[in-house]
Structure formats: C-alpha cells, structure tokens
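Listed below are the residues making up each chain.
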Amino acid sequence: MDNFKLTTVEEMETATERLLETGAKVGADSWQQRVKNQTPHCKFGEEGTCCRICSMGPCRITPRAPKGICGCDIHGIVGRNYLRFTAGGSATHSDHGREICHTLYNASADGNYHVTDTEKLLKIAKEWDIPTEDRDIYDIAHEVAEAGLMEYGKPFGYQRFLKRAPERRQKIWEEQEIAPRAIDREVSRALHMTHMGCSSLAEALVKQSLRCGLSDGWGGSMMGTEFSDVLFGTPMPVDTEANLGVLEEDMVNIVVHGHDPSLSEMIVKYAEDPEMLALAKKVGAKGINIAGVCCTSNEVAMRHGIPMAGNFLQQENVVLTGACEAIVVDVQCIFPALGPLSKCFHTKFITTSDVARMTYTKFIHFDCESAGEKAKEIVKLAVENFPNRKKDLVHIPNMKQKATVGYSYEGIVKTLDTVTNSFVDLTGTTKPLVDCMRSGVLRGAVAMVGCNNPKVRPDTAHIELMKKLIKNDVILVVSGCSAQAAAKAGLMDKRAKDLCGDGLKRVCELADIPPVLHMGSCVDISRMMILVSELAKDSGWNIDELPVVGCAPEWMSEKAVSIGNYVVATGIDTYLGVYPYVKGSEVVDGLLQEGLKDWVGASFHVELDIDKLGDAMIHAIEEKREALGI
Ligand code: SF4
Ligand code: SF4
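Here the structure is a predicted model, which means the values were calculated and not measured.

**A look at the packing of helix α17 (residues 431–439) against helix α21 (residues 525–539)**
Then, number 1: At a closest axis distance of 9 Å, the pairing of α17 and α21 adopts a crossing angle of 70 degrees. By the angle class used here, α17 and α21 are roughly perpendicular. When α17 is examined against α21, the residues Lys431, Leu433, Val434 and Arg438 are found in contact with a partner set consisting of Leu535, Asp538 and Ser539.
Then, number 2: Classifying every residue of the contact of α17 with α21 by side-chain character gives three nonpolar, one polar and three charged.

Here's what the structure looks like:
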C-alpha cells in the first residue's frame, strides 16, 4: 500500500488533547468543557415534549399533565416542534440560495463576479424557457437570477426544478400534496401551522415538514448549488489535502468558515494578489495560505483544491494552533465561542454578514458591490497580523492526508465516460454506474452527509461506517462535514481502494477514483438528488427501488433535518445515528420511521449503535437488490 495509512480517530484525539493544553494555558473555553456543563440534557427537550410557543406556557407533558394548557396533546407538541425544526433548516439553506441568486444578478463582465460556466447557465435558461438566442450572456444571467429570486415568493405554481425528477416522483409529490410551491411560503406556512391554536394533527405537521424540506432540496439548495456553479465553475476532480496539518507555520494562515462561496471565492482571489503577496513577504511570511472549515471549505476545495483544515468540531482547534491570523466567516455553523477564543490568541475573528453577528469580532460588512475591496481589506488585515503571532503558543499538528475531491454530478458523469466504449456506448449518462450495480460489482451506494455532534465520538461514526461500507462493495457519495471526516482520515485518497471489497476496488482502479466521492457542501446534497434522478431514468427503476440509501450518522443542525425530509421525500431511505427530538410521541416517531413509506416509498431509520446502523444499511441495500431481481 506504498506508505498509505489512514489517520485514526485516536490520532486525531491525541492532537486535540495537545491543542487543548495550549487552550488551558491561555484560559480558553472549549466545546468539550461546555458539553460537560450541559450534561445531562433536559429530558423534555430531548423527547420534544415541551412547548413554549405561547405565553400561557411553557408547558411540558408528563403522566400527570398529559396536555398543554390549550389542550394540545403530546403528538401535536412533538409534531409542531419537529416542523419548526425543519422550517429553520429550510429557511437557512434557502436564504443562502437567495444570496447566490443576488450575486448572479450582480454579475457583470467588468464587476466582481462573472459567469464562469456558460454551458450550465444556458442549460438552466433553456429549462426555464428563458430566451438565449443572440443575447448577451449577462442579460441571460440576470433574467435567470431574477426568475430564481421569484421562486422564493411566487404566488402560483410549484418549484421549477421539480421537473428534473422522474415523472413518477413528481406524481407522488402531487398526489401526497407535498410538491413545494414558493420557498418562503412553505417556511412561513410551517410557522403559521405551528402557531398556538392551528395544527395539532401529527400527520399534517409531518406532511408539511416534507413539503418544507422539499422546498429546500429542490428549491433553495438546488439554486444555491446551480448558480454557484454558474458563477464559480462546476467542480471537476481535483487534488487537495485535509486536516489541521494544512496550516503552514511560515505562512499567513487565513481560515474561511461558513457557507456562502461569494465570500470565500473573493478571499481566495485576493490571497493571490501580487500586492498582498509582497506585503506577506514584507512582514516575514513566505506567502498566504488559505484553508477552510465546514461547508465553505467544501466549496473552495471542490472548485480550487483549497485545503480543508477540518469540520464542525474542529473549528476551535484551528484557532488553538496559534497559527491562524484570521478566521473569516459568513453564516451558519459558526460557534459564537470563536470570538472569546480568538481573544486568547492573536487571531482576528472577522464576521461579514448581517445574518451572523456575534460578540468579540471585527465586523466587515461584505456585499456584492464592494466584494473585491472588502476581500482585499480582510486579506490585508490578516497579513498585517502575522507579526503578532505568539510563537510560544504555535503548534500545528503534523497531520494531513491527500484527497481527490470535486465530484459534482457533471464530474461523476465525466469520470464515468472514461470507462465507456466510445464505439458502442452512449456517453454523458450514469449507465456505467447502473451496469456496475446491476451486475453486483457494486452492491449499491450510500449518500453520507451531515455534521459532527458531541453525542457521537466525533468523526468515528462517519469513518467507521465508510470503512465498513466500502469493504462491502458499497460506494459512498458524501458532502458537508461527513466529507471532511473522510478526507481527514484518508478515505478520499485513491489508495484507499485497497480497503475496499474486490468489486469496488476494481471500479476504483478502472475509473481512477477514490471509494468515497466528495460531492460538495450541504446545499450540494441537491447534486445527489440529481444523481439519483438520473440513475432512475437511466436504469428504468424508481428512485425508491434503487439500491441506494442516505445516512447522517452525526447530524446536529436544523438544516440536517430539513435535508433528511427532502431526501426521504425523494424516495431514499435515510439512516440517522442521532435521535431527533420526537421520541416523546409514538405517532410522530412511528410516522417518520415507518408511516412515511406509504406516502413516499421511504422513511427514516434511527439506530444509535453505529455498527448496527451499518448492518442495517447493507441489509436494506441487499433487500432492494433482491426486490429488483439483481
Ligand atoms: S401552545 Fe398550548 S401547549 Fe404550547 S405553550 Fe401554549 S398553551 Fe402550552
Ligand atoms: S454538515 Fe452540519 S455542521 Fe457541517 S457545515 Fe453542514 S450543517 Fe454545518
């Protein structure tokens, strides 16, 4: 295996311990300590049985008090909480998508943002009946962006992208009355339904959760992904590195964290600016090194091979290295703890969005019009901060792995084209993948997504499940912090093929891919929806029949719940390693874990034992194969 070795969770934990020692020296707080302070959690919260949506409450359900003051029962309370959780996630992804629409609307030939993938733009314009003949590309871009913005509040009709799904799936959405209409309408409908004195019927609340989730996956997230590709390029396979060792001791380290690529793309651009590089040399650094955390990291890694410093629960570690000149953030999944933590070091914690204002930060408002100027200001600030490093606090763990990333849907299809026979086969389809599944060389695929959660030993579930699945000839498509766990461990190194079963190993060799394919950030789970839709069309099977399941073993955010809802509503069984706050109601829990099958052909499955979770997914894939007779 020519020196190839996975990085173990134990090694990562040892590195963290060492960093926490530095933290203790400077009096820093840590998430590990805060978890201890918050344990044990409140049982009512854990089970979803407390309600505080009106000031007659708060109410909580006990055997002695089986109803809230208004008379709402446990199923209504749990269902409402679940729907509100989903709406939070859907709003978040969708607002991200809206910002990208605005960025596209602002794109111009001589401005900060440009159209990079013209082909994709023209494809979307054609799909949306927007004329393209003899028109300036920016006129088309602005009309597409405006049409996209209308998706958020249009008074009639359904989400435009639903038409990308196989017809049978579209029919299910219509029949079940879960086809999403305007994106914001589904979020505000969810908030209306969950107001005191509106819906308390579990079925109605869960159904709206599906519709609200679908407005994210097939609406806001899909626009976020597609328009980001138009602006910054559709990812194609590219080599990079992952884990804290990507920070450089002799360079200015700027860490980008958050979600929206409009910010990180500009930071990447200005880090290459000759003026900034000269300044870096002047202050004694060898250059400027950009690394990422969370989904922003996925965005710039996928498009430019920018190294990935780590995932969600690694964000504090980045500062604890003492070698981070600036951590630049936009929105979502940013620990407010980073403000006080960075004060213990020389690190500048720079917030840029009105959506995510925090204490102890330097706020530099970032928008489309001033993007270039602001990005330069941020990079300059970081460079000038290099001499302030406290040398005795610097410790960068010697820990990184090589990774090949950039497997967008288009990147996967292009890769599959390399194994077709140009004389007899069609190119530009998923058919080679279907053939591998049909023959059994590949047993199936798992889409692994989601966060870290201190309730699960960080990264263990992601890494152990991936190892188990690839050994059983199941290929993985991954995104978000799951993708980063894989990259940090080394599972995106092509040499990880040696950890696979014979079938998957052969596929990796022939197609020259790692066994775990990075499909991008959390909004890019929409790429997975396109992939399964095309697999269904190319195979003639329905999505719910494909030997494919979803998995979020360490999920934590509202966004993850919104994602789960649209993945299941798209017909993909989804396996969770953390219990959602629904245990208190056997009706809501029963609907999610079984009842949804009757509506959409798939459901959730919760299993906290990670080994059993892996077995359950393999079993489900084999069952689907048997049902297909393959
Ligand atoms: S809506 Fe009902 S259950 Fe909820 S806090 Fe008000 S009275 Fe209590
Ligand atoms: S996977 Fe979860 S923690 Fe990571 S960026 Fe996405 S929502 Fe945040």
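**Remarks on the pattern of salt bridges**
Then, number 1: Summed over all chains, the structure comprises 43 salt bridges.
Then, number 2: When the shortest N-O distance is used, the salt bridge between glutamate 46 and lysine 455 registers 3.7 Å. Here the residue glutamate 46 occupies a position in helix α3 (residues 43–47), and lysine 455 occupies one in the loop between β11 (444–448) and α18 (460–471), the gap between them amounting to 409 residues.
Then, number 3: The class for glutamate 46 is partly exposed, based on a relative accessible area of 29%.
Then, number 4: Of the residues examined, lysine 455 reaches a relative accessible area of 42% and is grouped as partly exposed.

**As for the pairing of strand β5 (residues 288–293)**
Then, number 1: Buried residues dominate β5, accounting for six of its six residues.
Then, number 2: Taking every second residue as pointing to the same face, both faces of β5 are buried, with Ile288, Ile290 and Gly292 on one and Asn289, Ala291 and Val293 on the other.
Then, number 3: Pairing geometry for strand β4 (residues 252–257) and β5, over six bridges, is parallel. Looking at β5, one finds that valine 256 is bridged to glycine 292.
Then, number 4: As paired strands, β5 and strand β6 (residues 308–310) are joined by two bridges and run parallel to one another. In the strand pairing of β6, valine 293 is matched with glycine 310.
Then, number 5: Considered for its hand, the β-α-β crossover made up of β5, helix α12 (residues 294–304) and β6 is right-handed.

**Digging into the nonpolar core**
Then, number 1: With 178 residues, the main nonpolar core has Val144, Ile267, Ile288 and Val446 as its most contacted residues.
Then, number 2: It is helix α9 (residues 202–232) that contributes the most residues to this core, eleven residues altogether.
Then, number 3: Not counting chain neighbours up to four residues away, the residues in contact with valine 144 comprise Leu104, Leu121, Ile124, Ala125, Trp128, Ile130 and Phe227.
Then, number 4: Counting residues in hydrophobic clusters, the runner-up holds 33 residues, among them Val255, Leu313, Ala337 and Cys481.

**Observations regarding the site of ligand 1**
Then, number 1: Lining the immediate surroundings of ligand 1 are Cys51, Ile53, Cys54, Met56, Gly57, Cys59, Gly68, Ile69, Cys70, Ile77, Arg80 and Met196.
Then, number 2: For the shell around ligand 1, the per-class residue count stands at nine nonpolar, two polar and one charged.

**Things to note about a nonpolar patch on the surface**
Then, number 1: Taken together, the side chains of Met56, Ile69 and Met196 present a nonpolar region at the surface, about 270 Å² in accessible area.
Then, number 2: For isoleucine 69, a relative accessible area of 55% gives the class exposed.

**What to know about the site of ligand 2**
Then, number 1: The environment of ligand 2 is made up of His259, Cys294, Cys295, Phe312, Cys333, Gly450, Cys451, Cys481, Cys522, Met556, Ser557 and Lys559.
Then, number 2: When the residues that make up the shell around ligand 2 are grouped by side-chain class, the tally is eight nonpolar, three polar and one charged.

**Remarks on the environment of glycine 480**
Then, number 1: Here glycine 480 shows up in helix α19 (residues 480–489).
Then, number 2: It is 23 Å that separates the C-alpha atoms of glycine 480 and glycine 339, two residues lying 141 residues apart in sequence.
Then, number 3: In this structure, glycine 480 is in contact with Cys295, Asn298, Gly450, Gly520, Ser521 and Cys522, ignoring residues within four places of it in sequence.

**Side note on the packing of aromatic side chains**
Then, number 1: Per the stated rule, a full pass over the model turns up seven aromatic pairs.
Then, number 2: Note on phenylalanine 85 and tyrosine 581: the rings are 5.8 Å apart at their centroids and 90 degrees apart in plane angle, and the pair reads as edge-to-face. Of this pair, phenylalanine 85 sits in helix α4 (residues 74–106) while tyrosine 581 sits in the loop between β15 (574–576) and α23 (586–600); the two residues are 496 residues apart in sequence, bridging distant segments of the chain.
Then, number 3: Between tryptophan 173 and tryptophan 218 the ring centres are 5.3 Å apart and the planes differ by 65 degrees, which places this aromatic pair in the edge-to-face class. Taken together, the residues span a long stretch of sequence, with tryptophan 173 in helix α7 (residues 167–175) and tryptophan 218 in helix α9 at a distance of 45 residues.
Then, number 4: Judged by relative accessible area, which is 1%, tryptophan 173 ranks as buried.
Then, number 5: Looking at tryptophan 218, the relative accessible area reads 0%, which means it is buried.
Then, number 6: Each member of the aromatic cluster is reached from another via a ring pair, and the members are Phe85, Trp555 and Tyr581.
Then, number 7: The cationic tip of arginine 160 hangs over the ring face of tryptophan 128; the distance from NZ or CZ to the ring centre is 4.9 Å.
Then, number 8: Taking the ring centre of tyrosine 579 as reference, the NZ or CZ of lysine 583 above it sits at 4.9 Å.

What counts as what
Each residue is numbered by its place in its chain's sequence as written, counting from 1. Chain labels run from A onward and ligand labels from 1 onward, assigned in the order the entries are written. Thresholds applied to this predicted model are a pLDDT of at least 70 for local features of residues and 80 or more for the giving and counting of side-chain atom pairs; totals over whole chains, interfaces and linings are not thresholded and use all residues. Side-chain calculation: all heavy atoms of the structure are included, whereas hydrogens and water are not. Here, axes are lines fitted to C-alpha atoms. For helices the fit covers the stretch in contact, and angles between N-to-C directions go from 0 to 180 degrees. Strands here are runs of E lasting at least two residues and helices are runs of H or I lasting at least four, both read from the DSSP assignment and numbered beginning at the N terminus. Our angle categories are set so that under 35 degrees counts as roughly parallel, over 145 as roughly antiparallel, 65 to 115 as roughly perpendicular, and the remainder as oblique. Residue contacts are defined here by distance: any two heavy atoms, one from each residue, within 4.5 Å place the two residues in contact. In the scheme used here, Gly and all other residues not listed as nonpolar or charged are polar, with Ala, Val, Leu, Ile, Met, Phe, Trp, Tyr, Cys and Pro taken as nonpolar and Asp, Glu, Lys and Arg as charged. When a carboxyl oxygen of Asp or Glu lies within 4 Å of a side-chain nitrogen of Lys or Arg, that pair is called a salt bridge. Three exposure classes are used, based on accessible area relative to the maximum for each residue type with a 1.4 Å probe and protein chains only: buried under 20%, partly exposed in between, and exposed over 50%. The pairing criterion for strands is at least two bridges between them, as found by DSSP. We call a crossover right-handed when, viewed with both strands directed away from the observer, the connection leading from the first strand over the helix to the second proceeds clockwise. Among buried residues, those of type Ala, Val, Leu, Ile, Met, Phe, Trp, Tyr and Cys that are joined through side-chain atoms within 4.5 Å constitute a nonpolar core. Throughout this document, a residue counts as near a molecule or strand when at least one of its heavy atoms sits within 4 Å of that molecule or strand. Each patch is assembled from residues with relative accessible area greater than 30% and no salt bridge, linking like charges that lie within 9 Å and nonpolar side chains (Val, Leu, Ile, Met, Phe, Trp, Tyr) that lie within 5 Å. The Shrake-Rupley method, run with a 1.4 Å probe sphere, supplies the accessible areas, and residue values consider only the shown protein chains as cover. Working definition: rings of Phe, Tyr and Trp (its six-membered ring) pair if their centres are within 6.5 Å, and the pair is stacked with planes under 30 degrees apart, edge-to-face with planes over 60 apart, and tilted otherwise. Put simply, a charge is over a ring when the Lys NZ or the Arg CZ is close to the ring centre, within 6 Å, and near the line of the ring normal, within 35 degrees.

Any link to function would need more than the numbers given here.
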